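# Overview (structure and organization)
Below, each chain spelled out in residue letters.
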Amino acid sequence: MSDLSDLYQEVILDHNKRPRNFGAMAEFDRRALGHNPLCGDRLVLYLKLDGDRVAGVSFEGSGCAISKASASLMTDAIKGKTVAEVRDLFTRFQAMVTMPMEQEVDEASMGKLAALAGVRSFPVRVKCASLAWHTLKAALEQSQQPVHTE
Ligand code: ZN
(Lines give C-alpha, C1' and ligand atoms only; values in the text may rest on other atoms or scores of the structure.)
Protein backbone atom coordinates (compact mmCIF):
# COMPACT_ATOMS: atom_id res chain seq x y z
CA MET A 1 0.00 0.00 0.00
CA SER A 2 2.86 2.39 0.76
CA ASP A 3 4.29 1.80 -2.70
CA LEU A 4 1.00 2.87 -4.12
CA SER A 5 0.96 5.99 -1.95
CA ASP A 6 4.44 6.86 -3.21
CA LEU A 7 3.27 6.46 -6.76
CA TYR A 8 0.28 8.72 -6.11
CA GLN A 9 2.52 11.23 -4.38
CA GLU A 10 4.66 11.30 -7.49
CA VAL A 11 1.69 11.87 -9.78
CA ILE A 12 0.63 14.86 -7.67
CA LEU A 13 4.13 16.32 -7.51
CA ASP A 14 4.57 15.88 -11.25
CA HIS A 15 1.27 17.56 -12.12
CA ASN A 16 2.01 20.38 -9.70
CA LYS A 17 5.43 20.97 -11.21
CA ARG A 18 4.37 20.56 -14.82
CA PRO A 19 0.63 21.25 -14.93
CA ARG A 20 -1.06 20.01 -18.11
CA ASN A 21 -3.33 22.29 -20.12
CA PHE A 22 -2.07 25.29 -18.17
CA GLY A 23 -2.65 28.75 -19.57
CA ALA A 24 -5.42 31.00 -20.81
CA MET A 25 -7.43 29.98 -23.86
CA ALA A 26 -7.81 32.63 -26.56
CA GLU A 27 -11.08 31.31 -27.88
CA PHE A 28 -13.38 29.55 -25.48
CA ASP A 29 -17.07 28.84 -25.04
CA ARG A 30 -17.20 28.83 -21.27
CA ARG A 31 -15.12 30.35 -18.53
CA ALA A 32 -15.51 30.13 -14.77
CA LEU A 33 -13.64 31.39 -11.74
CA GLY A 34 -12.92 29.34 -8.66
CA HIS A 35 -11.66 30.46 -5.27
CA ASN A 36 -10.92 28.48 -2.15
CA PRO A 37 -10.51 31.12 0.57
CA LEU A 38 -9.47 28.56 3.18
CA CYS A 39 -6.24 27.89 1.35
CA GLY A 40 -6.01 30.81 -1.07
CA ASP A 41 -6.34 28.71 -4.22
CA ARG A 42 -7.61 30.58 -7.25
CA LEU A 43 -8.19 29.35 -10.76
CA VAL A 44 -9.79 30.27 -14.03
CA LEU A 45 -11.13 27.42 -16.11
CA TYR A 46 -11.63 27.65 -19.88
CA LEU A 47 -13.79 25.26 -21.85
CA LYS A 48 -14.26 24.76 -25.53
CA LEU A 49 -17.24 22.65 -26.48
CA ASP A 50 -17.93 20.85 -29.70
CA GLY A 51 -21.62 20.13 -29.47
CA ASP A 52 -21.94 17.93 -26.43
CA ARG A 53 -18.25 17.16 -26.17
CA VAL A 54 -15.33 18.84 -24.41
CA ALA A 55 -13.11 19.82 -27.32
CA GLY A 56 -10.61 21.74 -25.22
CA VAL A 57 -10.00 22.70 -21.63
CA SER A 58 -7.33 24.73 -19.87
CA PHE A 59 -6.78 26.52 -16.60
CA GLU A 60 -4.63 29.19 -15.05
CA GLY A 61 -4.23 30.50 -11.56
CA SER A 62 -2.25 29.93 -8.44
CA GLY A 63 -2.70 27.69 -5.47
CA CYS A 64 -1.30 24.86 -3.43
CA ALA A 65 0.13 21.68 -4.93
CA ILE A 66 -3.10 19.75 -4.42
CA SER A 67 -5.33 22.30 -6.13
CA LYS A 68 -2.97 22.67 -9.06
CA ALA A 69 -2.40 18.94 -9.49
CA SER A 70 -6.12 18.31 -9.24
CA ALA A 71 -6.92 20.89 -11.92
CA SER A 72 -4.19 19.45 -14.15
CA LEU A 73 -5.40 15.86 -13.71
CA MET A 74 -8.98 16.95 -14.26
CA THR A 75 -8.26 18.69 -17.55
CA ASP A 76 -6.49 15.58 -18.79
CA ALA A 77 -9.36 13.38 -17.65
CA ILE A 78 -12.24 15.30 -19.23
CA LYS A 79 -10.81 16.16 -22.64
CA GLY A 80 -12.85 14.50 -25.35
CA LYS A 81 -15.58 13.38 -22.98
CA THR A 82 -19.25 14.26 -23.37
CA VAL A 83 -20.86 16.64 -20.88
CA ALA A 84 -22.84 13.70 -19.43
CA GLU A 85 -19.62 11.72 -18.93
CA VAL A 86 -17.98 14.73 -17.29
CA ARG A 87 -20.90 15.12 -14.88
CA ASP A 88 -20.68 11.44 -14.02
CA LEU A 89 -16.95 11.76 -13.38
CA PHE A 90 -17.59 14.81 -11.19
CA THR A 91 -20.00 12.78 -9.06
CA ARG A 92 -17.57 9.90 -8.76
CA PHE A 93 -14.67 12.23 -7.94
CA GLN A 94 -16.66 13.90 -5.17
CA ALA A 95 -17.62 10.50 -3.78
CA MET A 96 -13.98 9.39 -3.85
CA VAL A 97 -12.61 12.37 -1.91
CA THR A 98 -15.36 12.28 0.72
CA MET A 99 -15.81 8.56 1.36
CA PRO A 100 -14.33 6.91 4.47
CA MET A 101 -10.62 6.03 4.37
CA GLU A 102 -11.34 2.33 4.85
CA GLN A 103 -13.40 2.24 1.68
CA GLU A 104 -11.40 1.10 -1.32
CA VAL A 105 -10.94 3.41 -4.31
CA ASP A 106 -12.05 2.04 -7.66
CA GLU A 107 -8.76 2.64 -9.41
CA ALA A 108 -9.86 1.02 -12.63
CA SER A 109 -12.59 3.59 -13.15
CA MET A 110 -10.83 6.61 -11.63
CA GLY A 111 -7.52 6.26 -13.47
CA LYS A 112 -4.93 8.85 -12.48
CA LEU A 113 -7.55 10.78 -10.53
CA ALA A 114 -7.18 8.06 -7.89
CA ALA A 115 -3.93 9.80 -6.92
CA LEU A 116 -6.06 12.37 -5.09
CA ALA A 117 -7.94 9.86 -2.96
CA GLY A 118 -5.46 10.47 -0.13
CA VAL A 119 -6.97 13.90 0.59
CA ARG A 120 -9.80 12.05 2.34
CA SER A 121 -7.76 12.05 5.53
CA PHE A 122 -7.36 15.84 5.38
CA PRO A 123 -10.77 17.56 5.30
CA VAL A 124 -9.22 20.95 4.50
CA ARG A 125 -7.45 19.45 1.48
CA VAL A 126 -10.70 18.07 0.11
CA LYS A 127 -11.67 21.65 -0.79
CA CYS A 128 -8.34 22.12 -2.57
CA ALA A 129 -8.87 18.94 -4.57
CA SER A 130 -12.50 19.77 -5.37
CA LEU A 131 -12.03 23.39 -6.43
CA ALA A 132 -11.30 22.65 -10.09
CA TRP A 133 -14.29 20.31 -10.28
CA HIS A 134 -16.72 22.80 -8.76
CA THR A 135 -15.38 25.43 -11.14
CA LEU A 136 -15.87 23.03 -14.04
CA LYS A 137 -19.46 22.45 -12.97
CA ALA A 138 -20.05 26.20 -12.87
CA ALA A 139 -18.58 26.52 -16.37
CA LEU A 140 -20.90 23.80 -17.66
CA GLU A 141 -23.87 25.45 -16.01
CA GLN A 142 -22.70 28.84 -17.28
CA SER A 143 -22.90 30.29 -13.82
CA GLN A 144 -21.74 33.89 -13.73
CA GLN A 145 -21.06 33.67 -10.00
CA PRO A 146 -17.49 32.97 -8.99
CA VAL A 147 -17.23 29.63 -7.21
CA HIS A 148 -16.35 29.62 -3.54
CA THR A 149 -15.68 26.38 -1.80
CA GLU A 150 -17.25 27.77 1.36
ZN1 ZN B 1 -5.20 24.49 -1.50
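Basis of the calculations
Residues numbered from 1 in each chain as written. Predicted model: local features only at pLDDT ≥ 70, side-chain atom pairs only at ≥ 80, totals over all residues. Heavy atoms only, no water. Helix = DSSP H or I, 4+ residues; strand = E, 2+ residues; numbered from the N terminus. Rg over C-alpha atoms; globule rule 2.2 N^0.38 Å. Contact = heavy atoms within 4.5 Å. Lys, Arg positive; Asp, Glu negative; His and termini not counted. Charge placed at Lys NZ, Arg CZ, Asp CG, Glu CD. Pairing = 2+ DSSP bridges. Axes fitted to C-alpha atoms, helices over the stretch in contact; angles between N-to-C directions. Phe/Tyr/Trp six-rings, centres within 6.5 Å; stacked < 30°, edge-to-face > 60°. Buried < 20%, exposed > 50% of the residue type's maximum accessible area, 1.4 Å probe, protein only. Lys NZ or Arg CZ within 6 Å of the ring centre and 35° of its normal. Salt bridge = Lys/Arg side-chain N within 4 Å of Asp/Glu carboxyl O.

## Some remarks on the overall build of the chain
The secondary structure content of the chain amounts to five helices and four strands. For the chain, the N- to C-terminal ordering of α and β elements is α-β-β-β-α-α-α-α-β. A compact globule built from 150 residues would reach a C-alpha radius of gyration of about 15 Å, and the chain, at 14 Å, matches this within 12%. Its C-alpha atoms give the chain principal-axis dimensions of roughly 45 × 30 × 25 Å. Counting contacts in the chain only where the partners sit at least 6 residues apart, residues at least 24 apart contribute 59% of the total. Treating the 18 positive side-chain charges of the chain as one cloud and the 19 negative ones as another, the clouds have centres 5 Å apart.

## A word on the pairing of strand E3 (residues 53-62)
Note that strand E2 (residues 41-50) and E3 share nine bridges and pair antiparallel. Pairing of Lys-48 across the sheet is with Gly-56, part of E3. Connecting E2 to the antiparallel partner E3 that follows it, the hairpin turn spans two residues, and Gly-51 within it adopts a positive phi of roughly 65°.

## Looking at the sheet that holds E3
Within a beta sheet, neighbouring strands are joined by backbone hydrogen bonds and run either parallel or antiparallel to one another. Judged by pairing direction, the sheet is mixed, and its four strands sit side by side in the order E3-E2-E1-E4 without closing on themselves. Every other strand in the sheet has two partners, leaving E3 and strand E4 (147-148) as the edge strands with one partner each. Where strand E1 (residues 30-36) and E2 come together, seven bridges link them in antiparallel fashion. When the sheet's bridge partners are listed, His-35 is paired in E2 with Arg-42. Lying over the sheet, helix H2 (residues 65-78) contacts E2 and E3, oriented at roughly 170° with respect to E3.

## Some details on the packing of aromatic side chains
Going through the model one piece at a time under the given rule, you end up with four aromatic pairs. Each ring, one from Phe-22 and one from Phe-59, has its centre 5.1 Å from the other, and the planes form 80°; the classification is edge-to-face. In this pair, Phe-22 is assigned in the loop between helix H1 (2-17) and E1 and Phe-59 in strand E3, connecting sequence segments 37 residues apart. Classification of Phe-22 by relative accessible area gives partly exposed; the value is 40%. Judged by relative accessible area, Phe-59 falls into the buried class, the value being 2%. Geometry around Phe-22 places Lys-68 over its ring, the cationic atom sitting 5.8 Å from the centre.

## Topic: the pattern of salt bridges
Applying the stated criterion to the full structure yields four salt bridges. With a shortest N-O distance of 2.6 Å, Asp-14 and Arg-20 are connected by a salt bridge. Judged by its relative accessible area of 26%, Asp-14 is partly exposed. Across the pair Arg-87 and Glu-141 runs a salt bridge whose closest N-O atoms are separated by 3.4 Å.

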